[in-house]
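Coordinate inspection notes
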Amino acid sequence: MTIRARVLVSPRDDNPYQGLLYDEIVSRGWAVRYADGPTRSQTVNVLAKPALLALYRSQGYRLLHLHWVYEFSLPWGKSSRLLRRALQWWFGIYLYAARTLGYQIVWTAHNVVPHTQVFADDIAARRTLVRRASAVIALSPASIAPLNSLGADDIRVIPFGSYGGLYTTSMSRDAARDAIGLAPNEIGVLMLGKVDRYKGAARLLETAMELDDRHAFRIIIAGECADPTYRDELLELASRPTCAAIIRLERLSDEEMATFLRAADVAAFPFLTVTNSSSILLAFSSGLPAVIPAITQFDDVPRDAAIRYDATSPTGLREALQRAAGLSKDARDRLAQAGRTYSATADWSVVGTATEDLYVELLNR
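My aim in this report is to walk through the structure given alongside it, one point at a time. (Residues numbered from 1 in each chain as written. Predicted model: local features only at pLDDT ≥ 70, side-chain atom pairs only at ≥ 80, totals over all residues. Heavy atoms only, no water.)

**Details of the packing of helix α7 (residues 201–208) against helix α11 (residues 316–325)**
Running from amino to carboxyl end, α7 crosses α11 at an angle of 70°, the nearest separation of the two axes being 10 Å. It follows that α7 is roughly perpendicular to α11 by the angle criterion. The way α7 lies across α11 gives a crossing that is right-handed. Residues Arg203, Leu204 and Thr207 of α7 pack against Leu317, Arg318 and Leu321 of α11. Of the residues belonging to the contact of α7 with α11, the class tally is 3 nonpolar, 1 polar and 2 charged. (Axes fitted to C-alpha atoms, helices over the stretch in contact; angles between N-to-C directions. Helix = DSSP H or I, 4+ residues; strand = E, 2+ residues; numbered from the N terminus. Parallel < 35°, antiparallel > 145°, perpendicular 65-115°, else oblique. Left-handed = near helix turned anticlockwise from the far one by under 90°. Contact = heavy atoms within 4.5 Å. Nonpolar A, V, L, I, M, F, W, Y, C, P; charged D, E, K, R; others polar.)

**Things to note about unusual backbone geometry**
Along the chain, Ser10 connects to Pro11 via a cis peptide bond; the corresponding omega equals -10°. Mapped onto the elements, Pro11 comes out in the loop between β1 (6–10) and α1 (16–27). At the junction of Gly37 and Pro38, the peptide bond is cis and its omega measures out at 20° in the coordinates.

**Comments concerning helix α2 (residues 42–58)**
Here α2 contains 17 residues, and its C-alpha end-to-end distance of 24 Å stays within 8% of the 24 Å for a straight helix at 1.5 Å per residue. Residue Lys49 marks the point of greatest curvature in α2, where the axis turns by about 55°; the proline Pro50 follows within four residues. All of the buried residues along α2 are Asn45, Val46, Ala48, Lys49, Pro50, Leu52, Leu53 and Tyr56. Residues of α2 that are buried sit in contact with β1, β2 (31–34), β3 (61–66) and α3 (81–100). At the C-terminal side of α2, Gly60 shows a positive phi close to 105°. (Expected span 1.5 Å × (residues − 1). Bend = angle between axes of the 7 residues up to and from the residue. Buried < 20%, exposed > 50% of the residue type's maximum accessible area, 1.4 Å probe, protein only.)

**Some remarks on the environment of Thr168**
Take Thr168: it is sitting in the loop between β6 (155–157) and α6 (173–180). Sequence-wise, Thr168 and Ala142 are 26 residues apart; in three dimensions their C-alpha atoms are separated by 31 Å. Sequence-distant contacts of Thr168, defined by excluding residues within four places in its chain, comprise Glu255 and Ala258.

**Considering the sheet that holds strand β12 (residues 306–309)**
With parallel pairing, the 6 strands of this open sheet are ordered in space as β9-β8-β7-β10-β11-β12. On the outer flanks of this sheet lie β9 (245–248) and β12, each paired with one strand and no other. In this sheet, neighbouring strand axes are inclined to one another by 25° on average, regardless of whether the strands run parallel or antiparallel. When strand β7 (residues 187–192) meets strand β10 (residues 266–268), the two strands line up parallel, connected through 2 bridges. Each residue of the ladder has a partner; that of Leu190, found in β10, is Ala267. (Pairing = 2+ DSSP bridges.)

**Some thoughts on the side chain of Arg126**
For Arg126, the position within the fold is in helix α4 (residues 122–132). Look at Arg126: it is buried, it has no salt bridge, and the nearest opposite charge is Asp122 at 6.7 Å. (Lys, Arg positive; Asp, Glu negative; His and termini not counted. Salt bridge = Lys/Arg side-chain N within 4 Å of Asp/Glu carboxyl O.)

**Some remarks on the layout of surface pockets**
Considering only enclosed or pocket space, the second largest pocket measures out at about 510 Å³ in volume. If you go around the second largest pocket, you meet 24 residues; those closest to its centre are Leu261, Arg262, Ser286, Gly287 and Arg340. Put simply, the parts of the chain that give the lining of the second largest pocket at least two residues each are α9 (254–263), α10 (278–285) and α12 (329–343). Tallied by class, the residues present in the lining of the second largest pocket amount to 10 nonpolar, 7 polar and 7 charged. (1 Å grid on protein atoms, 1.4 Å probe; cavity = no way out; pocket = protein on both sides within 12 Å on 5 of 7 lines; lining within 4 Å. Points joined across faces, edges and corners; volume = space filled by probe spheres on them.)

**What about helix α8 (residues 228–238)?**
Those residues of α8 that sit buried are Tyr230, Leu234, Leu237 and Ala238. For α8, the arc enclosing every buried residue in end-on projection is 100°, short of the 170-degree limit, so these residues lie on one face. Along α8, exposed side chains directed more than 90 degrees from the buried face belong to Pro228, Thr229 and Asp232. Those residues of α8 that are buried lie in contact with α7 and β9. (Arc of directions from axis to C-beta.)

**Looking at the pattern of salt bridges**
In the structure shown here, the tally under the stated rule is 22 salt bridges. We note a salt bridge from Asp14 to Arg251, for which the minimum N-O separation is 3.6 Å. Here Asp14, found in the loop between β1 and α1, pairs with Arg251, found in the loop between β9 and α9; they are 237 residues apart in sequence, far enough to count as distant. Judged by its relative accessible area of 37%, Asp14 falls in the partly exposed class. The residue Arg248 makes a salt bridge to Glu256 at a minimum N-O spacing of 3.0 Å. By relative accessible area, which is 23% here, Arg248 ends up partly exposed. Residue Glu256 is classed as partly exposed on the basis of its relative accessible area, which comes to 28%. Overlapping salt bridges bring together Arg4, Glu24, Arg28 and Glu356 as one network.

**A closer look at the pairing of strand β11 (residues 290–293)**
Burial of β11 is two-sided: the residues Ala290 and Ile292 facing one way and the residues Val291 and Pro293 facing the other way are all buried. Judged from the 2 bridges that link them, β10 and β11 form a sheet pairing that is parallel. By the bridge assignment, Ala267 is partnered in β11 with Ala290. For the crossover that starts at β10, traverses α10 and ends in the parallel β11, the hand is right-handed. Two strands pair when backbone bridges link them, and β11 and β12 are joined in this way by 4 bridges, in the parallel orientation. The partner of Val291 across the bridge, within β12, is Ile307. (Right-handed = clockwise from strand over helix to strand, strands pointing away.)

Note that all results are geometric; they support no functional claim without further evidence.
In structure tokens form, the structure reads like this:
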């Protein structure tokens, strides 16, 4: 197959979004390379980034597609504001080098600003990124206004594709519940995916302990937690006698992901801050109703596909969980079907076409 053009992607992440998107792009004749390495040292790799841009440019790469900036946060220097300031300057040099070398830069705004601080001034760093980017991809219309406030003017809305069929298991529902330790009469409330503070896992555990019929619930939190302090906090909450929880704070295999999705009754995502969430789409694609905060970021989620709660109310999440527990089977099935329908509105071929069209437009400028 003749290569149409070459796309350099940074960073490589285990979120299925990238794999599904770039499988589609590669199938259309594009060459895609992740800007990994060149060493096992993150510090050396960050310092080498501008030089690598020059190397890849000499090999014919003309598009640089950025997704996140967490690679510029060095584990050994997170407490140093001086280092954060230096890395912010280096990030600006990296973007300047890319444009000087002739790259068209695309940024997909998974988050308007990072949930965990990366630079001394993350907003200023975002403004630099927006200024250097040829185009910004928003994953939902709700992201347009905050991106405009950062100075973005060329914004393209290209949503997530469907995650239906991504995680499958031959287990029956009863076998899946037994495998994770969920009793037949318990309501399994699932939070699945990377466990970060902004997703509200601690709040979910604390709220579950306040429920009138808390013994009917089992909170399930499953996914990798990279923050050891937060990990200890969650494990301590889960160990309390009044907390009924199943905790797996580690990276899960595809089979394990499928097992948790098969076993649960409802998903819950009590975000403290958020721009977009692929976790909600994954839950919908798997037929799980979801409890989500009533915030503008989720305005595109149909009203009949989720149970919303007032995030400003101290009792909002608790009342939403109680509503979820009181759903009849028919009501739960209606929510699940609405979620499946919503999650399937854009498949990855549609996403691939929109992304490819943007690439072609930028290369023809």
